[in-house]
Amino acid sequence: MAHKCDKLTFWQKLTTVRINPANNKCLTLPIFSLNNHYSINFHLSWLGFWVAFLSWFAFSPLVPEAVRTDLKLTQKQIGNSNIISLCATLVVRVLVGPLVDKFGPRKVMAALLILGAIPSGLAGTVSSVQGFYVIRFFIGILGGTFVPCQAWTTLFFDTTVVGRANALVGGWGNSGGGFTFVIMVALYNRLREDGMSAHSAWRVAFAIVPVPILITVAIATLIFGTDHPNGKWADRNKTTPARPLRDTTQVFEESDVAFDNAQGVEKVDEQGKASNQSPVAYKGGKAVSVEVQAIKHDVGVPSLFAPDSIDPTWSVLYNVLVSPVTWLPALAYLTSFGYELAIDANLSNVLFGLYNPTRHAFDQTTSGYIASIYGLLNVFSRPMGGYLGDLVYRKYGVSGKKYLVLLAGVIQGLLSVGFGLYTDHHHSLSPSTTPSLTVIIVLMILLGLVNEMANGANFSLVPHCNPSSNGLMTGTVGSMGNFGGICFALVWRYQPLPYGKAFWIAGIVTVVRSVALLHTPRWFYDQYVLQVLNAALVVIRV
């Protein structure tokens, strides 16, 4: 049966709220409307992640010249600082996942932004390599904002659109990395033009941009954000007339009729009366019409009966970590987002090293602006991955999302190998020969598009895995992305030359990982169904 929301025009889907009464989640993406809490929380989630980059990635565009010269850093010390920052984010994401399940994404997001503003304000006090390491470690706290960002939209949007919702907030948030390159370089140059020394300019830039913005967004999150579609976080698992908990022993009978996760649609006329063509439930004092149909054996269905978040006990933690459904997206994210983190940290430095010796006009500003393209692609490339995830889900279910993620990984790996081999081949002809900048930029864009689409597709799959531990699942997968960033950063740390070598090594690793995960056995899905149903039964009995 086609969804009633499919009858809406494209513009209506972006401006109108349609709620699934079975779970109170939104069936549309009203991103151009601010008169409802679905839209407000959507925008707060990506904005919180976006502003985190203003400090988290602020050093990368300034390192090639300003910070490196001022602190007398070696190439190895720069690599070490990148690894230290990623280690901090990995630890924070692991810890933040259970905190999201316990306190909700809104409070956790605000807390991370406030905590991250403190070391950001102290960045200007750095005077040694050791101090540089310490500041980068604590600024890495801000990378943990990704977890509440994704968990937040998973709570508010139905499985039919959650892929696009997660990909949009993740992509728009991730684009902060690209905007940070532009903002910090432009601000540094302006301060230098105004007569400020290089020693002072990069330090003042931190005080002007990240600190006040981080605090402002944190306050806005606390004031305007909402914990859950039901209201307060304590009410997240309360049963309402519009959200029944049925006997799960009857749900999977083919002849049984139940609220379908994708079919509940609010249909209220101007007088608040519901159509008499469908069963009637009540929401907010108004009658609403609810589509019902026979439940099919689809792995997306059990999320109806599982709570949005259960308290993160040791037993829950163990069950999530030993579940195979946790590790497929986690390992995929290791080589997709991990790769993107390594590129964001090293691309500007690579471009500067490639072209500055032969093109003296190719300075820190030029390399920073070109490198920013990679992050800016997230504005539409990551959402495209989520859209494709939702598209294949309609026809092939969760398995379609899985194969989309792995296919994107193979293509990303092959493009990375090509980028590295092309760079090394042309750079090795003679010391004065460099690869065509045009070709490098084109390859970089293609690589960025596929890499970021893989990230978006991955987090269209995550909401289907361990839905009762939304925060823990998001934190686990997100932290594996950071672990991948550390692994790839080590490749760049120990294989800095020739410049393309780290690219083709990372590409081979990504292809091998994708092929290895292609043959996940069928019990992957059977195990998932059993886990969700067991969790639902426990909650219902309690």
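Since we're looking at a predicted model, the values are computed, not measured. (Residues numbered from 1 in each chain as written. Predicted model: local features only at pLDDT ≥ 70, side-chain atom pairs only at ≥ 80, totals over all residues. Heavy atoms only, no water.)

A look at the overall build of the protein chain
Let me state the cut-off plainly: Note on conventions: DSSP H or I runs of at least 4 residues are helices, E runs of at least 2 residues are strands, and numbering of each starts at the N terminus. Only protein chains enter the area calculation, which uses a 1.4 Å probe; residues under 20% of their type maximum are buried, those over 50% are exposed, and those in between are partly exposed. Any two residues whose heavy atoms approach within 4.5 Å at even a single point are treated as in contact. Methods summary: accessible areas were calculated by the Shrake-Rupley approach with a probe of 1.4 Å, and residue burial reflects only the protein chains presented.
Within the protein chain, the secondary structure is distributed over 20 helices and 6 strands. Split into buried and exposed, the 542 residues of the protein chain put 59% on the buried side. In the protein chain, the share of contacts with a sequence separation of at least 24, taken over all contacts with a separation of at least 6, comes to 79%. For the protein chain, the exposed surface amounts to about 20900 Å²; the carbon and sulfur share of it is 66%.

Some details on the pattern of salt bridges
Inclusion rule: Whenever Lys or Arg places a side-chain nitrogen within 4 Å of a carboxyl oxygen from Asp or Glu, that contact is recorded as a salt bridge.
Within this structure, the stated rule accounts for 6 salt bridges. A salt bridge links Asp194 to Arg190, with the shortest nitrogen-to-oxygen separation between them at 3.5 Å. Given a relative accessible area of 55%, Asp194 falls into the exposed group. For Asp390, the salt bridge is made with Lys401, and the minimal N-O distance between the two is 3.7 Å. Separated by 11 residues along the polypeptide, Asp390 in helix α15 (residues 381-396) and Lys401 in helix α16 (residues 398-427) bring together distant segments of the chain.

Considerations on α15
Along an α-helix, residues three or four apart share an orientation, since each turn contains 3.6 residues. Definition in use: One less than the number of residues in a helix, times 1.5 Å, gives the span that helix is expected to have.
For α15, with 16 residues, the first-to-last C-alpha span of 22 Å sits near the 22 Å given by 1.5 Å per residue. All of the buried residues along α15 are Ser381, Arg382, Pro383, Gly385, Gly386, Gly389, Asp390 and Tyr393. Just beyond α15, the residue with positive phi is Gly397, at close to 70°.

A short note on the side chain of Arg164
The residue Arg164 is located in helix α8 (residues 162-193) in this model. Sequence-distant contacts of Arg164, that is, excluding residues within four places in its chain, are made with Leu29, Gly386, Tyr387, Asp390 and Arg394.

Regarding the packing of aromatic side chains
We apply this condition: Working definition: a ring pair exists when centres of Phe, Tyr or Trp rings (six-membered ring for Trp) sit within 6.5 Å. Plane angles under 30 degrees give stacked, over 60 give edge-to-face, the rest tilted. In this analysis the charged atom, NZ for Lys or CZ for Arg, is taken to sit over a ring once it is within 6 Å of the ring centre and within 35 degrees of the ring normal.
The full count for this structure, using the stated rule, is 25 aromatic pairs. For the pair Tyr339 and Phe488, a centre-to-centre distance of 5.9 Å together with 85° between the ring planes defines the contact as edge-to-face. Taken together, the residues span a long stretch of sequence, with Tyr339 in helix α13 (residues 324-355) and Phe488 in helix α18 (residues 470-494) at a distance of 149 residues. Accessibility assignment for this pair places Tyr339 and Phe488 in one class, buried. Between Tyr355 and Phe362 the ring centres are 5.3 Å apart and the planes differ by 45°, which places this aromatic pair in the tilted class. One exposure class covers both Tyr355 and Phe362, and it is buried. Each residue in the set Phe49, Phe53, Trp56, Phe57, Phe146, Tyr333, Phe337 and Phe459 is aromatic and connected to the rest through ring pairs, giving one cluster. Looking at Lys401, its charged tip hangs above the ring of Tyr393, at a distance of 4.7 Å from the centre. Seen from the ring of Tyr494, Arg493 lies directly overhead, with NZ or CZ sitting 4.6 Å from the centre.

Considering the environment of Val161
In this fold, Val161 is placed in the loop between α7 (146-156) and α8. Considering only alpha carbons, one finds Val161 and Lys25, 136 residues apart in sequence, at a separation of 10.0 Å. Leave out the neighbours within four places in its chain, and Val161 touches Cys26, Leu27, Thr28, Leu29 and Asp390.

Remarks on the packing of helix α4 (residues 75-103) against α7
Put simply, the rule reads: Structural elements are reduced to axes, namely lines fitted to C-alpha atoms, with helices fitted over the stretch in contact, and the angle between N-to-C directions of any two is expressed from 0 to 180 degrees. Crossing handedness is read from the near helix: turned anticlockwise from the far helix by less than a right angle, it gives a left-handed crossing, and turned clockwise, a right-handed one. Amino acids outside the nonpolar list (Ala, Val, Leu, Ile, Met, Phe, Trp, Tyr, Cys, Pro) and the charged list (Asp, Glu, Lys, Arg) are all regarded as polar, and Gly is one of them.
Look at α4 against α7: their axes get within 9 Å of each other, and the N-to-C directions meet at 35°. The two elements α4 and α7 meet at a crossing, and its hand is right-handed. Of α7, the residues touching α4 (which contributes Arg93, Val96, Gly97 and Val100) are Phe146, Val147, Pro148 and Ala151. Per-class residue counts for the contact of α4 with α7 are 6 nonpolar, 1 polar and 1 charged.

Quick notes on the nonpolar core
Stated formally: Among buried residues, the Ala, Val, Leu, Ile, Met, Phe, Trp, Tyr and Cys ones that are joined through side-chain atoms within 4.5 Å form a nonpolar core.
If you look at the biggest cluster of nonpolar residues, it comprises 82 residues, and the most contacted ones within it are Phe59, Val67, Phe132, Phe157 and Trp202. The dominant element in this core, judged by the number of residues it contributes, is helix α2 (residues 37-56), at 11 residues. Residues within four places of Phe157 in sequence aside, it is in contact with Lys25, Cys26, Thr28, Leu29, Pro30, Tyr38, Phe42, Val162 and Ala165. Counting residues in hydrophobic clusters, the runner-up holds 26 residues, among them Phe181, Ala342, Ile440 and Tyr499.

A short note on unusual backbone geometry
A positive phi angle, near 65°, is found at Asn24, a position not held by glycine. As for its placement among the helices and strands, Asn24 is situated in the loop between β1 (19-20) and β2 (25-26). The phi dihedral of Lys72 is positive, around 55°, even though this residue is not glycine. Tracing the backbone through its elements, the reader meets Lys72 in the loop between α3 (63-71) and α4.

Concerning the confidence of the model for the protein chain
Selection criterion: The quantity called pLDDT is the predictor's confidence in a given residue, expressed from 0 to 100.
When pLDDT is averaged across the protein chain, the result is 80; 80% of the residues are at 70 or more. Segment residues 241-305 is flagged for pLDDT under 50; beyond a separation of four residues in sequence, or across chains, it makes 150 contacts in the model.

Some thoughts on the packing of helix α5 (residues 105-122) against helix α6 (residues 129-139)
The condition that has to hold: Throughout this description, any angle smaller than 35 degrees is read as roughly parallel, any larger than 145 degrees as roughly antiparallel, any in the 65 to 115 degree range as roughly perpendicular, and the remainder as oblique.
Interaxial distance between α5 and α6 falls to 8 Å at its minimum, and their mutual angle equals 155°. In terms of orientation, α5 lies roughly antiparallel with respect to α6. In the packing of α5 onto α6, the handedness of the crossing is left-handed. Across the interface between the two elements, Pro119, Ser120 and Leu122 of α5 pack against Ile135, Phe138 and Ile139 of α6.

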